[in-house]
Amino acid sequence: MSFTRYNPLERTVSSEMRNYDVFLSFRGEVRKTFVDHLYTSLENAGVNAFLDSKKLEKGDEISPTLKNAIENSAIRIPIFSKNFAESHWCLEEVSHMCKSGGLIIPLFYDVSPTEVRNPDRGAFAEAFQKKKGRYSKAKINEWKKALAKVASFSGWSRDDTLGFEAGLVKLVVQHVFKTLQNVIPEENDPDEPPAEAEEIPPEEIPLEIRNEPLRISKSVFGMEECMNKVINLLDIDSEERLITVAICGMAGVGKTSLAKAVHNHIYHKFDATCFVYDVRHQAQHTNGIAKMQRHILKDLVKFKDKVNDEAHGQSLMRDRLRSIRALVILEYVDDSKQLESLRGDWYGPGSRILVITLDHQLLNDGQVKVHKMQGLDREQALEPFSWHAFMRDRPDEGYEKLSQRAVNISNGRPLLLEVLGAHLYNKDTSYWVKICEILKTSVNQDKYAALRLCYDGLNSEQKEMFLDMACLFIGRKRESVISFWEASHCDPIKGLTDMILKSLISLDEENRFAMHSELRDMGRAIVAEESTMPGDHSRLWKPEEAEPVVMEGKGTEKVRCLTYLQQEVTLQTSSLKTMCNLQLLWLDGALIEGDLAQMPQEIKWLRWENCPLKCLPCEWTMKQLAVLDLSFSKDIKAVWTTFSDEKGPHNLKVLKLNYCTNLQVLPDLGNHTSLIRLELCGCTELKEIPESVGLLIQLKHLDLSNCYNLTHLPETITNLSSLEVLFLSNCRNIRKLPDSFGDLTVLKKIKLDGTSLKELPQSFRWLFHLEKLTLHGCCKLRSLPQSIGELICLRSLDIHGCSRLRAFPDSIYDLKSLRHLDMTDCQGISIGEKLGNYVCMERLILSNCPALRSLPTSIGQLNCLRHPNMNNCISLLRLPEEIGNLVCLQELFLNRCHNLCELPQSIGNLSKLRILEMEENYSLSVLPPSFSRLTSLEHLKSGFGLHVARNSNSILRPFQLIKETHCLELFSFSANGVPESLQHKMQTSGDDLLNVMLEINEPCTGVILCFMVSFDGSITSLSIEISIGRDAKEIFNTKLLNHSKNVVGDQIFVHILRKNHPLVTMMQSGDVIHAKVEGDEERNLIRSGGMQLFSEGEDGTKEDLILGRLGKDLTLIMEKYNEDEDDI
């Protein structure tokens, strides 16, 4: 379940005085758990919340009181749980919310918005069935209509915090408080325009979409000024081959957040971007540099092969990246050799490297620009601290001076502000005084003092989990880690909730654990302090410390976790048996010799990638094993043969056998019914899945991708009642799914791309919880089931490359929750008028659809649409005027739409449009007058002569836009003279030549060329050639325009060339610039022209000043021309 996060500025509340800030509507099953925590946190934050059990006096009549409370609450929050609809009082509350108006923000606790919107299906269906006969049809319809309305509002979901309730409580409280602060100002000015809603990042990013923003903390303060400084250092408009900028500063000061903010501001100006996390840590691993090189290649050019070593990686990067304009961010570089291996001359022109480091000394090579980052000042620091300590933007009464003391101790470092604030949350003043006194004396002696204090606040079990995280689990997905902790008799859910609430750990968008490097280093320092002898450490992960322990038998019973990832080493069981309490063992590529019965029997997580055995020996006792990973073990043919009941891994929860390319048979899965995750990706010799798979009733994730020889799925697979994720990508021999496939009713994600399916079973209709369906490249698929519209939770549908599909079933337009639709290369499908039914649609990809001639007018109803892509739709003739209704549109791709002849006048209404690409649109020659209203446009690609329409009231905006591009740009408009303000006037020399001698006083960064062409009638061919003459010789020649479209009347052609263009780089003072204009042979053209140079100076020659001045001059010329034409 997932939903768009609530934006506190998205809707408004009335400024009228209210009795309550918040009204909570909920069903009883969540009263003593989630609702109680939420209510208490709201009260602690100073939010006056209505809760019936706490606010009603005895004897009050419930219904009138509830109605009065709803009407007199600024914000109404219905908390939808599975049993919500069983209560007619809850339904009445929602109905009254809708009738009385006001701000409603739904919270979807354990149901999806779609289930609430469609109460006859899903979680509410049974409750409404029981109400038939007890309540009138009109009343039931009233409730349904109210639920549908409220479910359409943006709100919160438990998935927003990946299932952790403490995080959800924190999220709701912060947003409620911000809403009350921002939307109801202390002095309401009725004439002041409403604040613009902040952008809501897309929840899902398909591979086909180009660069996307990085996820960044919402509590980033005082960042804008620093961001602008770094962007200036990067000089992104320059085509200099490679510029490197380093962000330096002490740990925890916000360097990574700044780098991400810079990325999110400029990413769209690059062909591809890559963020390499924690270079110093990755470099310590075996072949770490090569793995990072592969990461860069994968992100920039989708490279999928292996990188053998560092030298091989550099060779590949030099071959593959030389034409890519890339932005690469390298986090935590601490060695110049790392920089040499990842930053070289292999990136394309205009590429930028952004380095994050603690030590600017290693960057003193003269090729790196440095931005030194300081902590926040006291005033800036108080707000982020307050958000974590009080869940509001300022301290509570009585805590002002204590807060200032805590801020001073934090020294303006965002990490300490967050962690210390979270630690002090909901504590009394005496505790604050105690903590401040402790830190005052210790902070100068121990750099981790404040962080250790928060660590000491954990219980003993949570401390062990924190140290596991710091040493081993950063970047790991939660399922394996939680399974390990559960097998170790920990309570991972409570522990993780507390650590997330204390800001000690976090989960990223891919459900992987994350931890700030300062916290990680502190945790590792705590382990190092356990003993001076590595063999007495609880955790061993560094190769230099683990090697003597495993090779010389120096480990003791104190060792709990051991990772030794050196390939092709031989270990003796006698060296491992001394570590009798060992619970985690990672030994990639190692050969173990000796009596395997001596192996530690407490192991709960065994990772043995590249295992050299053909099967695991039965004498090894594995009864405690919870996680087993044998991926990339090419010799494994069977996982194991037989195990006795006393030794077998019967408690196994996670089994990973990815790319065991010789694996031919799976064990009897009936002996492993505790499995929750089974990964068999790339097991190319596996021909069948045993029938016993149906016994895995707890299995949630099954990955069979790239099992090329797999021909069918057993019927018993439909017994997997807990299965949520099924991957069958590139199982090219699978032609049919079981008829009862719909019995997998809790499935959320299915990937069937690259299979040979011809149809989907009709039982698909029962997959009510399905959110993502991928059919990419199913080139044999002929139809979609008629019942596909019943998949009420479906958010993403990918039919890219389903070339045999010829039509959609009518019900497909019933998918009201659909947010992402990819129809790339769907040759015969057209779009129906019901497209407007997709009220939640955010991404619509229609690339390479040759049958698409027009878009339905109903596209204007897609109020959430942000990213439409119609590239290569060669038959597309026009866009409907209704496209101007798309208030959220941010990007529009229309490249190579060869027959697109015009843009609608309404395009000027797209106030949020940032990126517009229209390359190689040979029929498109006119920009509508409204084009000048695109005030948010940052990136324009046209690449061919665009004409500003007559009677346009300004061409200033197109001029400003063209300066943002990185290639030759040109447009034209009707006029009868070039601006007098041009620096160099061109003189006529003969019938077809203009020339001018240059006077250049400072380095030139660009040139503007203007040419006026006057003629009678129309012409069909026009070209403009430019050459440089020096010492009576021509040293350079280029053709700027070869125009084959019909040209009518007097025209001015405007070219803007940047310093990467050869004309700009070769020009010298004293050169003569020749411009040759040619048209149809029989036409006698009259020509005039001029040039304007611009530079990086401050004296009026700067590009933005010149473009602004020239744009105004050209506007006046065009207006005068239009007036003269009207007089005629």
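The present account deals with the structure reproduced in this document. (Residues numbered from 1 in each chain as written. Predicted model: local features only at pLDDT ≥ 70, side-chain atom pairs only at ≥ 80, totals over all residues. Heavy atoms only, no water.)

Topic: the packing of helix α20 (residues 460-473) against helix α22 (residues 492-501)
Helix packing geometry: the angle between the two helix axes and the distance between the axes.
Consideration 1: Their axes nearest at 10 Å, the elements α20 and α22 cross at an angle of 75°. Of the possible angle classes, the one that applies to α20 and α22 is roughly perpendicular. Note on element contacts: α22 touches α20 through Pro492, Lys494, Gly495, Leu496, Asp498 and Met499, opposite Gln462, Met465, Phe466 and Met469.
Consideration 2: Here the contact of α20 with α22 is composed, by residue class, of six nonpolar, two polar and two charged. (Axes fitted to C-alpha atoms, helices over the stretch in contact; angles between N-to-C directions. Helix = DSSP H or I, 4+ residues; strand = E, 2+ residues; numbered from the N terminus. Parallel < 35°, antiparallel > 145°, perpendicular 65-115°, else oblique. Contact = heavy atoms within 4.5 Å. Nonpolar A, V, L, I, M, F, W, Y, C, P; charged D, E, K, R; others polar.)

Considering the packing of aromatic side chains
Consideration 1: One pass over the structure, following the stated rule, counts 25 aromatic pairs.
Consideration 2: On the basis of an interplanar angle of 75° and a centroid distance of 5.8 Å, the ring pair of Phe473 and Phe484 is categorised as edge-to-face. Separated by eleven residues along the polypeptide, Phe473 in helix α20 and Phe484 in helix α21 (residues 478-487) bring together distant segments of the chain.
Consideration 3: Classification of Phe484 by relative accessible area gives buried; the value is 0%.
Consideration 4: Centroid distance Phe473 to Trp605: 5.4 Å. Interplanar angle 20°. Geometry classified as stacked. Of this pair, Phe473 sits in helix α20 while Trp605 sits in strand β19 (residues 605-607), placing them 132 residues apart in sequence. Each member of the pair Phe473 and Trp605 is classed as buried.
Consideration 5: Through a chain of ring-to-ring contacts, the aromatic side chains of Phe473, Phe484, Trp485, Phe513, Trp586 and Trp605 assemble into a single cluster.
Consideration 6: Over the aromatic face of Tyr455 sits the side chain of Lys463, whose NZ or CZ is 5.5 Å from the ring centroid.
Consideration 7: Its end group placed over the ring of Tyr708, Arg732 keeps NZ or CZ at 4.1 Å from the ring centre. (Phe/Tyr/Trp six-rings, centres within 6.5 Å; stacked < 30°, edge-to-face > 60°. Buried < 20%, exposed > 50% of the residue type's maximum accessible area, 1.4 Å probe, protein only. Lys NZ or Arg CZ within 6 Å of the ring centre and 35° of its normal.)

Considerations on a positive patch on the surface
Consideration 1: The grouping of Arg735, Lys758, Lys780, Arg782 and Arg804 at the surface amounts to a positive patch.
Consideration 2: As for its position among the elements, Arg804 is in the loop between β27 (796-798) and β28 (820-822). (Patch = residues over 30% accessible without salt bridge, like charges linked within 9 Å, V, L, I, M, F, W, Y side chains within 5 Å. Areas by Shrake-Rupley, 256 points an atom, 1.4 Å probe, with all protein chains shown as cover. Salt bridge = Lys/Arg side-chain N within 4 Å of Asp/Glu carboxyl O. Lys, Arg positive; Asp, Glu negative; His and termini not counted. Charge placed at Lys NZ, Arg CZ, Asp CG, Glu CD.)

Quick word on helix α9 (residues 224-234)
Consideration 1: When α9 is considered as a whole, its buried residues turn out to be Cys226, Met227, Val230, Ile231 and Leu234. Considered in projection along α9, the buried side chains sweep an arc of 135° and stay on one side of the axis. Within α9, the exposed residues directed more than 90 degrees away from the buried face are Glu225 and Asn232.
Consideration 2: Taken together, the buried residues of α9 touch β7 (242-248), α10 (255-266), β10 (351-357) and β11 (368-372).
Consideration 3: A positive phi of about 50° marks Asp235, the residue just after α9. (Arc of directions from axis to C-beta.)

Notes on a negative patch on the surface
Consideration 1: Side chains of Asp309, Glu310, Asp334, Asp335, Glu340 and Asp359 sit close together on the surface and give a patch of like negative charge.
Consideration 2: For Asp359, a relative accessible area of 34% translates into the label partly exposed.

So, the environment of Glu568
Consideration 1: Within the secondary structure layout, Glu568 lies in the loop between β15 (561-563) and β16 (570-572).
Consideration 2: Expressed as a C-alpha distance, the spacing of Glu568 and Gly589, which sit 21 residues apart in the sequence, is 5.3 Å.

Side note on the side chain of Thr718
Consideration 1: Structurally, Thr718 can be placed in the loop between β23 (701-703) and β24 (725-727).
Consideration 2: Its relative accessible area of 7% is what places Thr718 among the buried residues.
Consideration 3: A distance of 2.9 Å separates a polar side-chain atom of Thr718 from the backbone oxygen of Glu715.
Consideration 4: Of note is the side chain of Thr718, whose polar atom sits 3.3 Å from the side chain of Ser740.
Consideration 5: Not counting the four nearest positions on each side in its chain, Thr718 is found in contact with Pro738, Ser740, Phe741, Asp743 and Leu744. (Polar contact = N/O pair within 3.5 Å; in protein donor to acceptor, adjacent residues only side chain to side chain.)

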